[in-house]
Amino acid sequence: MKTLAAVLVLAALAATPASAKGCLKGAVVGGVAGHYAGHHTVLGAIAGCAYGRHRANEQDRQQGQRQAPAGEKL
């Protein structure tokens, strides 16, 4: 049953590659951590995905600020 849930979560994550930047890596890390922290693999994968997307969006925002600093004329 847990294997089926994990497969369904990964299939859902793989279905939206454009918005899943950082999600797959976070889901894998979160799933492993959740498994070792009391057999909560699926919850760990969901939390890892959310955190991975947050970090990816944050890094994209920082990259945009580095490339064109505010107030600089091209």
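Residues numbered from 1 in each chain as written. Predicted model: local features only at pLDDT ≥ 70, side-chain atom pairs only at ≥ 80, totals over all residues. Heavy atoms only, no water.

Turning to the environment of Ala-27, a few remarks are in order. In this structure, Ala-27 sits in helix α2 (residues 23-36). For Ala-27, a relative accessible area of 4% corresponds to the buried category. Along the sequence, Ala-27 and Ala-47 sit 20 residues apart, while their C-alpha atoms lie 7.2 Å from each other. (Helix = DSSP H or I, 4+ residues; strand = E, 2+ residues; numbered from the N terminus. Buried < 20%, exposed > 50% of the residue type's maximum accessible area, 1.4 Å probe, protein only.)

Helix length check: α2, at 14 residues, gives a terminal C-alpha distance of 20 Å against a target of 20 Å (1.5 Å per residue), a fit within 8%. When we look at burial in α2, the residues that qualify are Cys-23, Gly-26, Ala-27, Gly-30, Gly-31 and Gly-34. For α2, the buried positions fall inside an angular range of 130° around the axis, keeping them on one side. Looking at α2, the residues exposed on the side facing more than 90 degrees away from the buried face are Lys-25, Val-28, Val-29 and Tyr-36. Gly-38, located one to two residues past α2, shows a positive phi value of around 100°. (Expected span 1.5 Å × (residues − 1). Arc of directions from axis to C-beta.)

Keep in mind that low pLDDT regions are not for reading the predicted coordinates in detail. Chain-level statistics for the protein chain give a pLDDT mean of 79 and a share of 72% at 70 or above. Looking at the elements of the protein chain, mean pLDDT is at its lowest for helix α1 (residues 2-14), recorded as 68, and at its highest for α2, recorded as 89. (pLDDT = per-residue confidence, 0-100.)

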